[in-house]
Amino acid sequence: MSADTQDLRNQLDRLQESLSVRQSTTHFAHTGVATMVALMFAGASGKLFYDSLRTPLLAWGVALLSVVLLGYALRRYVLGRRVLAEELKGYQAMLALRSQLRLDEPAALSPR
């Protein structure tokens, strides 16, 4: 195996290791959970406002918490989109390295 092939192989190993952990999935999961909890808190806050004769302090606190959670969800969504774009670039680079190393060609892997 030549030095150039070994270098390409090392690059492929590093890319595969970095792509094995999908950070975008974690960001999108946080987005979904935070959005659902924020919607539940918003509903509870709306119900407290609707049912009370005087504006309760708890309703304002829950409404504020709902807005904060929606901001958190939006922030995690934006981070997830950025990380996903980087992961897709890394995946394309990995496919290019695999084709350079001829790893996906069965004829190149068979013994002669």
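Computed from a predicted model, the values in this text were never measured in an experiment.

### Notes on helix α1 (residues 3–19)
Here is step 1: In this model, α1 (17 residues) spans 24 Å end to end at C-alpha, consistent with the 24 Å of a helix rising 1.5 Å per residue.
Here is step 2: Listed as buried for α1 are Leu8, Leu12, Leu15 and Leu19. Along the long axis of α1, the arc covered by the buried residues comes to 65°, so they all point the same way. Residues of α1 that are exposed and angled more than 90 degrees away from the buried face: Ala3, Arg14 and Glu17.
Here is step 3: Looking at the buried residues of α1, the elements they touch are α3 (57–100).

### A look at the confidence of the model for the chain
Here is step 1: Looking at the chain, pLDDT values average 89 and 93% of them are 70 or higher.
Here is step 2: Highest mean pLDDT in the chain belongs to helix α2 (residues 23–51) (96); lowest belongs to helix α4 (residues 106–109) (64).

### Notes on the environment of alanine 59
Here is step 1: With respect to the helices and strands, the residue alanine 59 is situated in helix α3.
Here is step 2: Owing to a relative accessible area of 0%, alanine 59 belongs among the buried residues under this scheme.
Here is step 3: As a C-alpha pair, alanine 59 and alanine 42 span 17 residues in sequence and 9.1 Å in three-dimensional space.
Here is step 4: Beyond its immediate chain neighbours, meaning those up to four positions away, alanine 59 contacts Ser45, Leu48 and Phe49.

### What about the side chain of serine 66?
Here is step 1: Note that serine 66 resides in helix α3.
Here is step 2: With relative accessibility at 4%, the residue serine 66 sits in the buried group.
Here is step 3: Discounting chain neighbours no more than four positions away, the residues touching serine 66 are Ala38, Phe41 and Ala42.

### As for the pattern of salt bridges
Oppositely charged side chains may form a pair once their charged atoms are brought near each other.
Here is step 1: For the structure on display, the rule yields 3 salt bridges.
Here is step 2: A salt bridge links aspartate 51 to lysine 47, with the nearest nitrogen and oxygen atoms 3.2 Å apart. Taken as a pair, aspartate 51 and lysine 47 lie in helix α2 at a separation of 4 residues, close to a single helical turn.
Here is step 3: Note on aspartate 51: relative accessible area 46%, which makes it partly exposed.
Here is step 4: For glutamate 86, the salt bridge identified is with lysine 89, shortest N-O distance 3.9 Å.

### A few points about the packing of aromatic side chains
Two descriptors summarise a pair of aromatic rings, namely the distance from one centre to the other and the angle between the planes of the rings.
Here is step 1: For the coordinates displayed, the defined rule picks out 2 aromatic pairs.
Here is step 2: With a centroid separation of 5.9 Å and 50° between ring planes, the pair formed by phenylalanine 28 and tyrosine 77 is classed as tilted. Placement of the pair is phenylalanine 28 in helix α2 and tyrosine 77 in helix α3, with a sequence separation of 49 residues.
Here is step 3: Looking at phenylalanine 28, the relative accessible area reads 28%, which means it is partly exposed.
Here is step 4: Here the aromatic rings of phenylalanine 49 and tryptophan 60 are separated by 5.0 Å at their centres, their planes lie at 75°, and the arrangement is edge-to-face. On the criterion of sequence distance, the pair formed by phenylalanine 49 in helix α2 and tryptophan 60 in helix α3 is long-range, its members being 11 residues apart.

About the criteria used
- Residues numbered from 1 in each chain as written.
- Predicted model: local features only at pLDDT ≥ 70, side-chain atom pairs only at ≥ 80, totals over all residues.
- Heavy atoms only, no water.
- Helix = DSSP H or I, 4+ residues; strand = E, 2+ residues; numbered from the N terminus.
- Expected span 1.5 Å × (residues − 1).
- Buried < 20%, exposed > 50% of the residue type's maximum accessible area, 1.4 Å probe, protein only.
- Arc of directions from axis to C-beta.
- Contact = heavy atoms within 4.5 Å.
- pLDDT = per-residue confidence, 0-100.
- Salt bridge = Lys/Arg side-chain N within 4 Å of Asp/Glu carboxyl O.
- Phe/Tyr/Trp six-rings, centres within 6.5 Å; stacked < 30°, edge-to-face > 60°.

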